[in-house]
Number of protein chains: 2
Amino acid sequence: MRAGPSQEEVRRHNLGTLLRYVHIHGATSRAELTTKLGLNRSTIGALTADLTAAGLVTEKAPRGTGRAGRPSLVVRPESSTVYAYALNIEVDRLRAARVGLGGRILDRREAPRPRGMQVVDAVQPLAAFLDEMRRDVPAGARYVGAGLAIAGMVRRADGMVRLAPTIGWVEEPVGEALVEEIGDVGPLIVGNIADVSALVEHNRGAAAGRDNVIYLYGDVGVGAGIIVGGRRITGHGGYGGEVGHMVVNPYGRPCSCGSRGCWETEIGEYPLLRMAGREDRSGREAVLGVVEAAMRGDWVAQQAVRHVGQWLGLGVGNLVNIFNPEAIIFGGTLRDIYLVAAAQIRSRLTEVALPACRENIRLRTPELGTDAGLLGAAELAFERLLEDPVGSAG
Amino acid sequence: MRAGPSQEEVRRHNLGTLLRYVHIHGATSRAELTTKLGLNRSTIGALTADLTAAGLVTEKAPRGTGRAGRPSLVVRPESSTVYAYALNIEVDRLRAARVGLGGRILDRREAPRPRGMQVVDAVQPLAAFLDEMRRDVPAGARYVGAGLAIAGMVRRADGMVRLAPTIGWVEEPVGEALVEEIGDVGPLIVGNIADVSALVEHNRGAAAGRDNVIYLYGDVGVGAGIIVGGRRITGHGGYGGEVGHMVVNPYGRPCSCGSRGCWETEIGEYPLLRMAGREDRSGREAVLGVVEAAMRGDWVAQQAVRHVGQWLGLGVGNLVNIFNPEAIIFGGTLRDIYLVAAAQIRSRLTEVALPACRENIRLRTPELGTDAGLLGAAELAFERLLEDPVGSAG
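Quick caveat, the model's predicted, so the values are computed rather than measured. (Residues numbered from 1 in each chain as written. Chains lettered and ligands numbered in written order. Predicted model: local features only at pLDDT ≥ 70, side-chain atom pairs only at ≥ 80, totals over all residues. Heavy atoms only, no water.)

Observations regarding the domain arrangement of chain A
Residue and element names in this part refer to chain A.
Part 1 of the argument: For chain A, the assigned domains read domain 1 (7-77), domain 2 (83-196 + 372-393) and domain 3 (208-366).
Part 2 of the argument: Once you take the C-alpha centre of each, domain 1 and domain 2 turn out to be 30 Å apart.
Part 3 of the argument: Taken together, the contact pairs 12 residues of domain 1 with 14 residues of domain 2.
Part 4 of the argument: With both chains or domains summed, domain 1 and domain 2 bury close to 1100 Å², and 66% of this area falls on carbon and sulfur atoms.
Part 5 of the argument: Three residues stand out in domain 1 for area buried against domain 2, namely Arg-20, His-23 and Leu-56, and they jointly supply 51% of the buried area on that side.
Part 6 of the argument: Taken together, domain 1 and domain 2 are joined by 3 salt bridges.
Part 7 of the argument: Between Glu-387 and Arg-20 there is a salt bridge; the shortest N-O distance is 3.9 Å.
Part 8 of the argument: The tally of links from domain 1 across to domain 2 stands at 4 residue pairs in polar contact (both at pLDDT 80 or more). (Domains from an automatic or database assignment. Contact = heavy atoms within 4.5 Å. Buried area = accessible area lost by both parts, 1.4 Å probe. Salt bridge = Lys/Arg side-chain N within 4 Å of Asp/Glu carboxyl O. Polar contact = N/O pair within 3.5 Å; in protein donor to acceptor, adjacent residues only side chain to side chain.)

This is the structure in structure tokens:
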């Protein structure tokens, strides 16, 4: 319960707020910033001057506006020179990108991740990607830090990966391993991929402007990034959002976590492929294969999709009763399921969720696709800059 | 995304922060306020002078401290003169109280509520309670407003009770009905009883100092008040926390909401009494009867308690995976169940919840008992004062 801020804290807060605004919304006129941030014109002018001097934004007159009078200068984030590295460890894929302020992907690399790959083997290709991308960084560019998003439970305090059951890792200090492999990368923040994806879909994607959002991310497992009242919630240690381990079918199948009937035992990749008679395959391509077969009229595939759709609707209904959200976003393989089973999911959701809890709900697919994980990982790195733009710059 | 505050906003914020601190923590020395609020001594002095002038706090030298030097003045909330009315509509009980700043119950009334009682009939005794209590208000006391907490879903925007299934009400403007009955009561805020109980247990009770808390409130139905990162979360329209309608047993019994296998169909009052062979009874007394019979060794009652304990542990496990909380508080009839089935609840919770999500969890009973609902309703009224103490006073 801290009391009010000092003048210096107010200035830092205002610098961060302005930079965050253009980071999220892109090029914005001074006039619009004045309105949106509730500050007067001279304050906005002073703040943009400071941010320009720190090399974080540029200001330019807009192209002919067709209106009389001096046009308001347009403030842009320095996307090409201020950058972060973003890394993703997904169940089947390793991704890396160099991301400019404002969320622009400047360079990218990716490789398949064989299931069963150990930490040390995942870290090597990621380090190689960083090395390659470093070579193309223009002179004078400013590095902010690196973010790593992983499909697992990450301890907020130090980035330790406590459990990534779908990846098969337990108590792995992935961040440390990465630093050991590539040397100092500056500040490296580790987060959960559903959490950070929720954040960017909330900032710039399918849930822009909505303050109560659940982003579901599915592959072998199912996790959620949850935004409540505009803030990401992750609980005491950072492990919240493990909706895939909500028991929905107590008499159902054993789960990899040791419990039984967890949501992911009904809607994850394995039950879908098993019911479709394709237990010999795995991964997103295999899931897409089932979805396409269902669309072509394959009865067995349709039954499998229907099964997952029913349970997906039930679990989403539970979450709607708990959170009364405005938007549910179906990411990862759940996106593919949603696209063929939307009516069924909605119908089951309607049975389970109370009318008041679901009355303003929108079901959506991600707008940023698989980039959400990379952009979200970059956000982890940008966050420090946005908290204190000029302090970090100094 | 508002930018930094003005000087006047900072002052208002500081006044509110100081008043909130003594409202929650009771009498506090200036020295401690200086430390806790991170403000210097002269600012604290100016703020307490303003609050004293507004009649909201008093300052006194402490009794002999046994230490040398001038002792720091102690700041107390004006509990005896600044007050709110608090009203509760529970499934079996109507309660009313006059509550002083600082959460002191100055006067109280209660009456049983027959099940099936309509809004108009519930409003009359509550209005009579207010009338009685008004007569004893000392001259010069300052009325802040009234809060009404109800076991139902309340629309945040206007306090409309959308659905109170256990009470049997749908779309009832209870606040309006109350005002019609007793005339103007000033600002009247309506909220959900689990939400406001969570708030006071978080402020002053079993979860003081913990920022991630789930307060479960059970009677016929089950609701939750959820605190995440120190803030109460209620979702887009105010209807979140309906954990009693999380489906946990899809092949289970029909629920009053129209769905099937909702958590409350396994842990609410009805399944407990049914399994104990006491379907002819109802209410907290009947639940206590089963619990006591189980403690005396009655086998049928033990089976009923065991059943509820199992399902209670499962659902709590689900919530722990979703929220990674620090504390779960068992309120209402769930308190009675918890006291005899704690080991079993914990064991089922341990099976369902992931180790990282549950590693810092504490299971607790409420410290404020049935007063939590009254103190919470009063908080709804005090909130306006705490937002802007001197503005409202002026």
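Section: the packing of helix H1 (residues 7-25) of chain A against helix H13 (residues 371-387) of chain A
Part 1 of the argument: Following both chains from N to C, one finds H1(A) and H13(A) inclined at 140°, their axes separated by 8 Å at the closest point. When H1(A) is examined against H13(A), the residues Arg12(A), Gly16(A), Leu19(A), Arg20(A) and His23(A) are found in contact with a partner set consisting of Glu379(A), Phe382(A), Glu383(A), Leu385(A), Leu386(A) and Glu387(A). (Axes fitted to C-alpha atoms, helices over the stretch in contact; angles between N-to-C directions. Helix = DSSP H or I, 4+ residues; strand = E, 2+ residues; numbered from the N terminus.)

Examining the relation of the copies chain B and chain A
Here the two chain copies are tied together by a rotation about an axis and a shift along that axis.
Part 1 of the argument: Of the transformation superimposing chain B on chain A, the axial component is 0.1 Å and the angular component is 180°, with the fit at an RMSD of 0.0 Å. Considering both components of the superposition, the chain copies are consistent with a two-fold axis. Relative to the rotation axis, the closest C-alpha in chain B is found at Val248(B), a distance of 2.5 Å.
Part 2 of the argument: When you check the interface residues of chain B against chain A, 100% turn up at the interface there too, and the contact is symmetric in its surfaces. (Least-squares fit on C-alpha atoms with pLDDT ≥ 70 in both.)

Quick notes on the interface of chain B and chain A
Part 1 of the argument: Taken together, the contacts link 62 residues of chain B with 62 residues of chain A.
Part 2 of the argument: The junction of chain B with chain A conceals about 4900 Å² of combined surface from both sides, 63% of it contributed by carbon and sulfur atoms.
Part 3 of the argument: Applying the counting rule to chain B against chain A returns 2 salt bridges.
Part 4 of the argument: The shortest N-O distance in the salt bridge between Glu359(B) and Arg162(A) comes to 2.9 Å.
Part 5 of the argument: Linking chain B to chain A there are 20 residue pairs in polar contact (both at pLDDT 80 or more).

Details of the environment of Tyr338(B)
Residue and element names in this part refer to chain B.
Part 1 of the argument: The residue Tyr-338 is located in helix H11 (residues 333-352) in this model.
Part 2 of the argument: Note: C-alpha distance between Tyr-338 and Arg-104 (234 residues apart in sequence) is 28 Å.
Part 3 of the argument: In this view, Tyr-338 contacts Phe-330, Ile-345, Leu-363 and Thr-365; residues no more than four positions away in its chain are not counted.

Concerning the nonpolar core
Part 1 of the argument: Residues Leu216(A), Trp263(A), Phe323(A), Leu216(B), Trp263(B) and Phe323(B) are the most contacted members of the largest nonpolar core, which totals 103 residues.
Part 2 of the argument: Core analysis: the second largest hydrophobic core is formed by 78 residues, Val22(B), Val57(B), Ala84(B) and Ala381(B) among them. (Core = buried A, V, L, I, M, F, W, Y, C linked by side-chain atoms within 4.5 Å. Buried < 20%, exposed > 50% of the residue type's maximum accessible area, 1.4 Å probe, protein only.)

Section: H1(A)
All names here are of chain A.
Part 1 of the argument: Given a rise of 1.5 Å per residue, 19 residues ought to cover 27 Å, and the 27 Å separating the end C-alpha atoms of H1 matches this to within 8%.
Part 2 of the argument: Of the positions making up H1, those classed as buried are Val-10, Asn-14, Leu-15, Gly-16, Thr-17, Leu-18, Leu-19, Tyr-21, Val-22, His-23 and Ile-24.
Part 3 of the argument: Looking one or two residues past H1, Gly-26 carries a phi angle of roughly 80°, positive in sign. (Expected span 1.5 Å × (residues − 1).)

Considerations on the sheet that holds strand S4 (residues 82-89) of chain B
Residue and element names in this part refer to chain B.
Part 1 of the argument: If you trace the 5 strands from one edge of the open sheet to the other, you get S6-S5-S4-S7-S11, paired in mixed fashion. With partners counted over all chains shown, the strands left at the sheet margins are strand S6 (104-112) and strand S11 (188-192), one partner each. On average, each strand axis in the sheet is tilted by 15° relative to the strand beside it, whichever way the strands run.
Part 2 of the argument: Judged from the 7 bridges that link them, S4 and strand S5 (residues 93-100) form a sheet pairing that is antiparallel. Directly across from Asn-88, in S5, lies its bridge partner Arg-95.
Part 3 of the argument: Running at roughly 30° to S5, helix H4 (residues 119-135) makes contact with S4, S5 and S6 of the sheet.
Part 4 of the argument: Docked against the sheet, helix H13 (residues 371-387) engages S4, S5, S6, strand S7 (142-150) and S11, running at close to 130° with respect to S7. (Pairing = 2+ DSSP bridges.)

What about the packing of aromatic side chains?
Residue and element names in this part refer to chain A.
Part 1 of the argument: Under the counting rule described, the total for this entry stands at 9 aromatic pairs over all chains.
Part 2 of the argument: The interplanar angle of 45° and the centroid separation of 5.5 Å between the aromatic rings of Tyr-83 and Tyr-143 together place this pair among those described as tilted. Pair noted here: Tyr-83 is in strand S4 (residues 82-89) and Tyr-143 is in strand S7 (residues 142-150), with a separation of 60 residues, a long-range link.
Part 3 of the argument: For Tyr-83, a relative accessible area of 7% puts it in the buried group. (Phe/Tyr/Trp six-rings, centres within 6.5 Å; stacked < 30°, edge-to-face > 60°.)

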